[in-house]
Amino acid sequence: IAFHDKETAEKYLTYLKLEQELRRAQAADGGLGDKYCITLGKGTDNLVFPVSGYYEKISFNTREARDKFKATHTDEQLKLLIRGV
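The structure contained in this document is the topic of the report that follows. (Residues numbered from 1 in each chain as written. Predicted model: local features only at pLDDT ≥ 70, side-chain atom pairs only at ≥ 80, totals over all residues. Heavy atoms only, no water.)

A short note on the sheet that holds strand S3 (residues 58-60)
Here is step 1: With antiparallel pairing, the three strands of this open sheet are ordered in space as S2-S1-S3. The sheet is open, and its two edges are formed by strand S2 (47-48) and S3, each paired on a single side.
Here is step 2: Judged from the three bridges that link them, strand S1 (residues 36-40) and S3 form a sheet pairing that is antiparallel. When the sheet's bridge partners are listed, Cys37 is paired in S3 with Ser59.
Here is step 3: Most of the contacts of helix H2 (residues 63-71) go to S1, to which it runs at about 40°, and overall it touches S1, S2 and S3. (Pairing = 2+ DSSP bridges. Helix = DSSP H or I, 4+ residues; strand = E, 2+ residues; numbered from the N terminus. Contact = heavy atoms within 4.5 Å. Axes fitted to C-alpha atoms, helices over the stretch in contact; angles between N-to-C directions.)

The following block contains the structure:
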């Protein structure tokens, strides 16, 4: 009843699962990081991997943790996590 259709409800459930996986991966990496990120390129739909000094949705303390999270998720999953539902 809270969603307009079944697809939106399923997409939201997938988003919640991805957020939980991200929190677990960040915790295993020593908490919320701010050094190694996965973001969407400015003005594009491409994923980029900047080293930044500010918070991004998908960010880790180590490059290895970031790369492992990227390797275990599809680009579509990562974009959903960054953009939200």
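The structure having been displayed, the exposition proceeds.
Describing H2
Three or four residues apart is the spacing at which side chains of an α-helix point the same way, because the helix has 3.6 residues per turn.
Here is step 1: Looking at H2, one finds that the buried residues are Ala65, Arg66 and Phe69. Axial view of H2: buried residues confined to an arc of 100°, hence all on one face. Seen from the buried face of H2, the exposed residues on the opposite side, beyond 90 degrees, are Glu64, Lys68 and Ala71.
Here is step 2: Next to the buried residues of H2 lie helix H1 (6-28), S1, S3 and helix H3 (75-83). (Buried < 20%, exposed > 50% of the residue type's maximum accessible area, 1.4 Å probe, protein only. Arc of directions from axis to C-beta.)

A few points about the packing of H1 against H3
Here is step 1: Axis separation between H1 and H3 bottoms out at 9 Å; the angle between their running directions is 90°. Classified by the interaxial angle, the pair formed by H1 and H3 is roughly perpendicular. Here H1 contributes Lys11, Thr14, Tyr15, Leu18, Glu19 and Leu22 to the contact with H3, which in turn contributes Gln77, Leu80 and Leu81.
Here is step 2: For the contact of H1 with H3, a count of residues per class yields five nonpolar, two polar and two charged. (Parallel < 35°, antiparallel > 145°, perpendicular 65-115°, else oblique. Nonpolar A, V, L, I, M, F, W, Y, C, P; charged D, E, K, R; others polar.)

What to know about the pairing of S1
Here is step 1: In terms of burial, S1 is largely enclosed, as four of its five residues are buried.
Here is step 2: The pairing of S1 with S2 spans two bridges and is antiparallel. Residue Thr39 lies in a different strand from S2, and its bridge partner there is Val48.
Here is step 3: The hairpin turn running from S1 into S2, its antiparallel successor, is six residues long, and Gly43 in that turn takes a positive phi close to 75°.

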